[in-house]
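# Structural description and commentary
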Amino acid sequence: MTSSELTVGAQASSGSAPDGPDSGGPAARTAADPHAAVDTHVHASSGAPADAAAVTGERADLLGALAKQRHFLRFTTRDLTDEQAGGRTTVSELCLGGLVKHVTAVERHWADFVLEGPSALGDFTAMTEEDWARRADEFRMLPGETLDAVLADYEEAARRTDELVVTLPDLDVSHPLPKAPWFEPGGRWSARQVLLHIIAETAQHAGHADIVRESLDGAKSMG
């Protein structure tokens, strides 16, 4: 079972679909109707927070939304080699493995922000060319990296985010946003806003990944 460990019904395992497109199982239903295949009800798995199954209300909704969007991102990597996961298939610089790496970094850094405040993200206005180059590497499969390892890292970051959803005493607790050209000066985000941002970012990049995968071999997440 990959990623969030708060599983969705049709999620990929180590980048592979649980059954073939002609089997009539979850993968086949995803192609026809993605909502039919994705179970957004939270339930505990081997690496899930111990009390995840008891979560209700808003926190259950957040966990379900996270699990659903992670599934769609991971599903685009099913049955791929490391070379395919790192390959560009459009005019964009994006590749499937790099998109998973980037969303992993998003989850990890914003989870740090929830716990530590803006110091966890640093001052984006002070970034050097080397800093930006390292950031760009988030979007690439570097030499020696494997899809299995990238997905395992994503799984760990997702597990940590889910643990925060379950255990944070108050989702309204906020921190000042770090300095960055894209943030309004003096802005603050609560833990709730951070989680909504992670969901939105994952959904956006799952859409990018779907286009990259279809351009690779015609495979689609739906339709």
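From a predicted model like this one, the values you see are computed outputs, not experimental measurements.

### A word on the packing of aromatic side chains
As enumerated under the stated definition, the model contains five aromatic pairs in all. Seen from their ring centres, Trp110 and Phe183 are 6.1 Å apart, and the 85 degrees between their planes marks the pair as edge-to-face. Of this pair, Trp110 sits in helix α5 (residues 96-116) while Phe183 sits in the loop between β1 (174-176) and β2 (188-190); the two residues are 73 residues apart in sequence, bridging distant segments of the chain. We note that Trp110, like Phe183, is buried. Seen in terms of ring centroids, Phe183 and Trp189 are 5.6 Å apart; in terms of plane orientation they differ by 70 degrees. Their pairing is edge-to-face. Look at Phe183 and you get buried, because its relative accessible area is 15%. Since its relative accessible area comes to 18%, Trp189 is described here as buried. Through a chain of ring-to-ring contacts, three or more aromatic side chains come together here, namely Trp110, Phe113, Trp182, Phe183 and Trp189. For Arg78, the ring lying beneath its charged end belongs to Phe75, and the centroid distance is 4.0 Å.

### Examining the packing of α5 against helix α8 (residues 191-217)
Between α5 and α8, the shortest axis-to-axis distance is 10 Å and the interhelical angle comes to 175 degrees. Judged by the angle between their axes, α5 and α8 are roughly antiparallel. Only Ala191, Val194, His197, Ile198, Glu201, Thr202, His205, His208, Ala209, Val212 and Arg213 of α8 make contact with α5, whose side of the interface consists of Leu96, Leu99, His102, Val103, Val106, Glu107, Trp110, Phe113 and Val114. Among the residues forming the contact of α5 with α8, the class breakdown is 12 nonpolar, five polar and three charged.

### Quick word on the confidence of the model for the protein
Overall, the prediction assigns the protein a mean pLDDT of 81, with 76% of residues at 70 or greater. In the model of the protein, helix α1 (residues 26-32) stands out as the element of lowest mean pLDDT, 37, in contrast to helix α7 (residues 147-167), which has the highest, 98. A low-confidence stretch, residues 1-46 stays under pLDDT 50, and its non-local contacts, those more than four residues away or across chains, total 110 contacts.

Reading the values: rules and limits
Along each chain, residues carry numbers from 1 onward, in the same order as the chain's sequence is written. It should be noted that, the model being predicted, local features are given only for residues of pLDDT at least 70 and side-chain atom pairs only at 80 or more, the latter also being counted only at that level, while totals for whole chains, interfaces and linings use all residues. The basis for every side-chain value is the complete set of heavy atoms in the structure, and neither hydrogens nor water enter the calculation. Pairing of aromatic rings covers Phe, Tyr and Trp, the last counted by its six-membered ring, and requires centre-to-centre distances within 6.5 Å; plane angles under 30 degrees mean stacked, over 60 mean edge-to-face, and any other angle means tilted. Numbered from the N terminus, helices here are DSSP runs of H or I no shorter than four residues, and strands are runs of E no shorter than two. Under the scheme applied here, a residue whose accessible area is under 20% of the maximum for its type counts as buried, over 50% as exposed, and between as partly exposed, the area being computed with a 1.4 Å probe on protein chains only. The criterion is that NZ of a Lys, or CZ of an Arg, lies within 6 Å of the ring centre and within 35 degrees of the ring normal, and then a charge sits over that ring. Between N-to-C directions, angles span 0 to 180 degrees; the directions come from axes that are lines fitted to C-alpha atoms, helices contributing only their stretch in contact. Under this scheme an angle from 65 to 115 degrees is roughly perpendicular, one under 35 degrees roughly parallel, and one over 145 degrees roughly antiparallel; angles in between are oblique. The contact criterion used is simple: two residues touch if any of their non-hydrogen atoms lie within 4.5 Å. Throughout, the ten residues Ala, Val, Leu, Ile, Met, Phe, Trp, Tyr, Cys and Pro are labelled nonpolar, Asp, Glu, Lys and Arg are labelled charged, and all others, Gly among them, are labelled polar. Across the chain, each position has a pLDDT score giving the predictor's confidence in that residue, from 0 to 100.

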